[in-house]
Amino acid sequence: MARWRPEMILSLLFAMLLFSACATTETSLQDKKKAAAAVNLGEAYLNGGNYTAALRELLKAEKLNADDPILHNDLGLVYMAKEKTDLAVVHFEKAVQLKPDYSLAKNNLGSAYMVQKEWDKAIAVLEPVTGDMLYATPHFPLANLGWAYYNKGQYDKAQKYLKKALDVQPDFFVAQLNLGRTYLATGRLHAAQSLFEKVAQTNPKNPALLLEMGRTYRLLGDYNNARLALKGAIEYTEDSNLAVEASEELNKIYQ
């Protein structure tokens, strides 16, 4: 029987290790391919509004490739859609941790912080995004920053960022609405009225806009238009809180 020389044993061990490494790499590539397919399917469900099916596919992908920042951003979006903001924050934060220059995930994280009313956290994560020259939709973080500053009562900064958002996207409804609210908060009633009436030309049945228009008309003493706008807000809304707020504004007219 042939005896194994030390160099032969070393060569055999090296070959076994090399084979093991190749097998591991091959499995990892296969997992990544499977994960990518699950992410694509999850995104299709997400875009179609089937959030439960989207979550199922994305969780499959997470088991196969947990270090994909796009996956974590998608999971955050699904949890936001399911009103699980705490879980959304976890995944948006993970996406940013994995890819620090991921501006889309940063904007989504800022939005999630805003849902939680964590205005300072939102501002901290959103401000760097506004300096990203490669970000395709800068009006979103700009408008988000404006709303965060509005809720902190820093109306000058709110106005600054909301106007910047409108410079980028002049018909961006959210920025228009919140700029009008900023005018209202600072007593610029006629500026608010002018802006709201302009926006109403393209959004005549938006309940949030009608509520703010009604409030503005009431403060200006135009009670007929105030009643029309507030009744419209109640008629068109499916948000019970907004309906209650509009009803309270109506009651102020009759007091």
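Residues numbered from 1 in each chain as written. Predicted model: local features only at pLDDT ≥ 70, side-chain atom pairs only at ≥ 80, totals over all residues. Heavy atoms only, no water.

Looking at the packing of helix H2 (residues 51–64) against helix H3 (residues 69–81)
So, point 1. Running from amino to carboxyl end, H2 crosses H3 at an angle of 150°, the nearest separation of the two axes being 10 Å. In this view, H2 runs roughly antiparallel relative to H3, as classed from their interaxial angle. Here the hand of the crossing between H2 and H3 comes out left-handed. Where H2 abuts H3, its residues Tyr51, Ala54, Leu55, Leu58, Leu59, Ala61 and Glu62 lie against Leu71, His72, Asp74, Leu75, Val78, Tyr79 and Ala81. (Axes fitted to C-alpha atoms, helices over the stretch in contact; angles between N-to-C directions. Helix = DSSP H or I, 4+ residues; strand = E, 2+ residues; numbered from the N terminus. Parallel < 35°, antiparallel > 145°, perpendicular 65-115°, else oblique. Left-handed = near helix turned anticlockwise from the far one by under 90°. Contact = heavy atoms within 4.5 Å.)

Things to note about the layout of surface pockets
So, point 1. Taken as a whole, the largest pocket encloses approximately 220 Å³ of empty space.
So, point 2. Lining the largest pocket are Ser111, Met114, Val115, Phe140, Ala143, Asn144, Trp147, Phe172, Val174 and Asn178.
So, point 3. When residues of the lining of the largest pocket are traced back to their parent elements, those giving at least two are helix H5 (103–115), helix H7 (139–151) and helix H9 (173–185).
So, point 4. A class-by-class count of the residues in the lining of the largest pocket yields 7 nonpolar, 3 polar and no charged. (1 Å grid on protein atoms, 1.4 Å probe; cavity = no way out; pocket = protein on both sides within 12 Å on 5 of 7 lines; lining within 4 Å. Points joined across faces, edges and corners; volume = space filled by probe spheres on them. Nonpolar A, V, L, I, M, F, W, Y, C, P; charged D, E, K, R; others polar.)

Examining helix H8 (residues 155–168)
So, point 1. Between its terminal C-alpha atoms H8 stretches 20 Å, which fits the 20 Å expected from 14 residues at 1.5 Å a residue.
So, point 2. Those residues of H8 not exposed but buried are Ala158, Gln159, Tyr161, Leu162, Ala165 and Leu166.
So, point 3. In this structure, the buried residues of H8 make contact with H7 and H9. (Expected span 1.5 Å × (residues − 1). Buried < 20%, exposed > 50% of the residue type's maximum accessible area, 1.4 Å probe, protein only.)

Here we look at the confidence of the model for the protein chain
So, point 1. Of the residues in the protein chain, 89% have a pLDDT of 70 or more, and the chain-wide mean is 91.
So, point 2. Contacts for the low-pLDDT stretch residues 18–27, under 50 throughout, to residues beyond four places or in other chains number 0 contacts. (pLDDT = per-residue confidence, 0-100.)

Quick look at the packing of aromatic side chains
So, point 1. One pass over the full model with this rule turns up 4 aromatic pairs.
So, point 2. Aromatic pair Phe140 and Phe172: ring centres 5.3 Å apart, planes at 90°, arrangement edge-to-face. Highlighted residues: Phe140 in helix H7 and Phe172 in the loop between H8 and H9, separated in sequence by 32 residues.
So, point 3. Judged by relative accessible area, which is 36%, Phe140 ranks as partly exposed.
So, point 4. Ring geometry for Tyr150 and Tyr155: centres 5.5 Å apart, planes at 65°, overall edge-to-face.
So, point 5. Given a relative accessible area of 28%, Tyr155 falls into the partly exposed group.
So, point 6. Every member of this aromatic cluster is reached through a ring pair, and the members are Trp147, Tyr150 and Tyr155. (Phe/Tyr/Trp six-rings, centres within 6.5 Å; stacked < 30°, edge-to-face > 60°.)

Here's the deal with the side chain of Asn107
So, point 1. Mapped onto the elements of the fold, Asn107 is located in helix H5.
So, point 2. Beyond its immediate sequence surroundings of up to four residues, Asn107 is in contact with Leu126, Val129, Tyr135, Phe140, Pro141 and Asn144.

Here's the deal with the environment of Lys205
So, point 1. Tracing the sequence through the fold places Lys205 in the loop between helix H10 (189–200) and helix H11 (207–220).
So, point 2. Taking the C-alpha atoms as reference points, Lys205 and Glu235, separated by 30 residues in sequence, lie 9.1 Å from one another.

What to know about the environment of Asn65
So, point 1. Secondary-structure assignment places Asn65 in the loop between H2 and H3.
So, point 2. Remark: the alpha-carbon pair of Asn65 and Lys34, spanning 31 residues in sequence, is separated by 8.9 Å.

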